[in-house]
Amino acid sequence: MDLSRLIQRGEYEWELPQKGSMRVPGILYASRALVEAMDEKVYEQVRNVATLPGIVGASYAMPDAHWGYGFPIGGVAAFDPEEGGVVSAGGVGFDISCGVRLLHTGLHIEQVRPILPDLMDALFNTIPAGVGSVGQIHLTDLRMSEMLRGGAWWAVEQGWGRPEDLDHIEEHGRMAGAMPEHVSRHARRRQCDEMGTLGSGNHYLELQEVADLYDPGTAERFGLNPGDVVISIHCGSRGLGHQIGTEFLVEMAKAAQASGIALADRELACAPANSEVGQRYLGAMRAATNCALANREIITHLARQTFAEMVPEADLTLLYDVSHNTCKEEIHTVDGRQRRLLVHRKGATRAFGAGNEELPPEFQQTGQPVLIGGSMGTASYVLAGLAENEERSFGSACHGSGRAMSRRQARKLWQGRKLVDDLRGRGIHVRSPSMRGVAEEAPDAYKDVNEVVESAEMAGLARRVARLRPLGVVKG
Amino acid sequence: MGWELFYHEADEGIRGAGETLAEAFEQAAIALTAVVTEPELVAPRIPVSIEVTDDDPKFLFLAFLNAIIYEMAVRRMLFHHIDVTIEGSHLRGVAHGEPVDIGRHQPAVEVKGATATELFVGQKDGHWQAQCVVDV
């Protein structure tokens with residue numbers, strides 16, 4: 001990205017000045033090196049989002065921002081429905097409520113190392129992953145609607161989860177306002193065999209070791225100690241979310257065209273939040289969010305079953321579950337006034353700080369855990385939300401490292417089998433049905449996650465708590 | 001004429017070109033399969049009908065791709081090629097493919113949906129072209 005068009009506001013803060021049809025400025029939070037490495041399309045997309053009706057504050061980009069569709073991935077924007085604010089299907093993305101959860105295992109690395117290959121085999125054989133995979137759960141239309149209303153609560157009621165997990169999930173495990181009646185027949189059909197499946201691409205289940213602590217006090221409160229083995233699960237709302245995104249993206253794009261709304265980019269397809277289509281989308285999107293929460297709860301159940309057989313002394317407890325493709329109704333103070341806003345985070349994580357009433361009691365002093373997934377050969381991070389960031393970006397942070405190159409470029413540079421062998425040599429056991437998929441997800445196809453989280457911390461978005469080193473990966 | 005994948009940082013761009021609009025769509029459909037696997041690895045054993053309508057050729061293209069993506073997802077199939085006929089705003093197609101075989105196809109990613117990013121349907125350099133970015 002050409003820095004000459006930006007105004008540097010701080011070492012890690014860059015302003016894209018408001019001009020033309022922009023209603024607010026753009027703000028990028030990242031190091032100079034990361035901003036320089038960003039595609040020019042990120043500049044265009046941050047600017048375009050700033051033109052949307054009812055936007056409040058600024059159009060934000062997180063340190064891992066990259067070229068998306070309509071919104072940048074790593075984009076955050078809040079809209080006020082009472083001032084004509086919009087809801088945008090493109091601002092949430094196709095994989096609605098895609099997210100990460102982190103589980104303690106109660107195990108130390110020395111207990112896991114001798115059985116790691118067998119454990120990874122067992123997890124790979126238990127948790128459906130990859131293109132065309134199906135789960136053991138087959139939902140009728142009625143049960144589908146119950147799931148879409150109940151989210152992780154529904155999964156727990158079915159015996160596929162623990163009640164104590166629920167408070168450790170955003171929205172306390174169930175997003176209010178879901179309207180399954182606005183979830184189409186096609187979306188339901190795409191989902192009926194996909195509950196409890198990981199998906200493909202960058203989705204994974206990863207065993208990790210707590211490698212370094214940056215904030216020992218918070219780490220202790222989060223129950224993270226060096227050498228602890230934890231599990232990260234990254235996946236979303238599967239075919240149901242993809243279909244809802246597909247349908248509303250087209251519907252909103254057509255509606256905008258028909259009503260003569262001049263969109264800077266067709267992919268910004270949006271509708272006034274209080275319009276009929278806006279309300280329908282919100283109802284369907286919230287149902288898809290519940291689908292994602294239920295899906296991650298079921299995968300957790302499958303992981304618990306596997307550990308119970310392989311390592312009976314393990315106890316898988318949930319630290320937290322965050323979503324990073326979302327639109328949430330939140331109350332924020334803007335210019336001294338409390339406003340109810342629709343905060344879009346596309347490839348961005350909510351990062352609420354200490355004292356936020358949305359958080360359960362155990363995180364009231366620390367802020368929420370912010371879970372950042374890296375590539376399978378590098379590292380993931382646990383951060384903690386900062387109260388002061390609610391003024392900077394409505395309490396948001398990055399979500400991962402972001403791709404540094406396309407999948408096609410990665411395929412040309414790496415071979416899946418060799419990558420698996422090389423990673424095994426480094427003590428990382430990869431299990432995947434597709435060697436082509438592994439090549440496309442090569443660690444070096446991603447940006448440096450260390451630099452991304454350092455930028456997040458230095459920009460005041462969240463603070464680093466712990467670095468997690470990968471031990472084993474189930475890749476879709 | 002042919003198909004190709006074009007650059008997008010996180011997802012994949014697909015492009016088809018042909019002497020007619022229908023041929024451009026057919027070629028883009030092969031590019032869609034190429035996002036997932038090598039098209040030549042897929043056997044055209046089972047036909048699946050596809051039918052979509054839209055007055056705007058750009059939205060017709062998105063509807064066509066999304067119909068293929070839907071059939072790939074619910075039938076758990078991959079398609080070798082698709083025969084397309086377009087009459088006015090109406091498209092009829094027959095997709096020829098087979099169920100996903102993980103070992104043989106080594107499918108890398110599911111395609112989630114077709115986006116309007118880099119969407120273009122029209123004539124360019126004396127032939128028809130259809131392209132967009134698909135989310136994976």
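Everything that follows concerns the structure shown earlier in this document.
Residues numbered from 1 in each chain as written. Chains lettered and ligands numbered in written order. Predicted model: local features only at pLDDT ≥ 70, side-chain atom pairs only at ≥ 80, totals over all residues. Heavy atoms only, no water.

Engineer: Which parts of the structure should I look at to understand the nonpolar core?
Structural biologist: Note that soluble globular proteins tend to have their nonpolar side chains buried in a common cluster. Formed by 87 residues in total, the largest nonpolar core has its most connected members in Ile244 and Tyr281 of chain A together with Phe25, Phe61 and Phe64 of chain B. Discounting residues that sit within four places of it in the chain, Phe25 of chain B has contacts with Pro57, Leu60, Phe61, Phe64, Val84, Ile86, Leu91, Val121 and Ala130 of chain B. Counting residues in hydrophobic clusters, the runner-up holds 56 residues, among them Leu3, Ala58, Val86 and Val453 of chain A. (Core = buried A, V, L, I, M, F, W, Y, C linked by side-chain atoms within 4.5 Å. Buried < 20%, exposed > 50% of the residue type's maximum accessible area, 1.4 Å probe, protein only. Contact = heavy atoms within 4.5 Å.)

Engineer: What should I look at first to understand the sheet that holds strand E3 (residues 26-29) of chain A in this one?
Structural biologist: Pairing between the strands of a sheet is mediated by backbone hydrogen bonds and can be parallel or antiparallel. All names here are of chain A. With mixed pairing, the seven strands of this open sheet are ordered in space as E1-E2-E3-E4-E5-E13-E12. A single partner strand is all that each edge strand has here, and the edge strands are strand E1 (7-10) and strand E12 (325-334). Neighbour-to-neighbour, the strand axes of the sheet open up by a mean angle of 25°, direction not taken into account. Across five bridges, the pairing between strand E5 (residues 71-79) and strand E13 (residues 337-346) is antiparallel. If you follow Phe79 over to E13, its bridge partner there is Leu342. (Pairing = 2+ DSSP bridges. Helix = DSSP H or I, 4+ residues; strand = E, 2+ residues; numbered from the N terminus. Axes fitted to C-alpha atoms, helices over the stretch in contact; angles between N-to-C directions.)

Engineer: Can you help me understand helix H2 (residues 40-49) of chain A in this one?
Structural biologist: Residue pairs three or four apart in sequence face the same way in an α-helix, which turns once every 3.6 residues. All names here are of chain A. For H2, the set of buried residues is Val42, Tyr43, Gln45, Val46, Asn48 and Val49. Buried residues along H2 sit in contact with strand E2 (13-16), E3, strand E4 (55-69) and E5. Among the residues of H2, the N-terminal cap falls to Asp39, whose side-chain oxygen and the backbone nitrogen of Lys41 are separated by 2.8 Å. (Polar contact = N/O pair within 3.5 Å; in protein donor to acceptor, adjacent residues only side chain to side chain.)

Engineer: What am I meant to see in unusual backbone geometry here?
Structural biologist: Most peptide bonds are trans, and most residues other than glycine sit at a negative phi. In the Ramachandran plot, Arg238 of chain A falls in the positive-phi region, its phi being about 55° despite a non-glycine side chain. With respect to the secondary-structure elements, Arg238 of chain A resides in helix H9 (residues 238-258).

Engineer: Would you mind going over the pairing of strand E2 (residues 12-18) of chain B with me for this structure?
Structural biologist: The side chains of a regular strand alternate between the sheet's two faces. Residue and element names in this part refer to chain B. Buried residues dominate E2, accounting for seven of its seven residues. From the end of strand E1 (residues 2-6) to the start of E2, which pair antiparallel, there are five residues. By the bridge criterion, seven bridges tie E2 to strand E8 (residues 127-135) in an arrangement that is antiparallel. Of the residues in E8, the one forming a bridge with Ile14 is Cys132.

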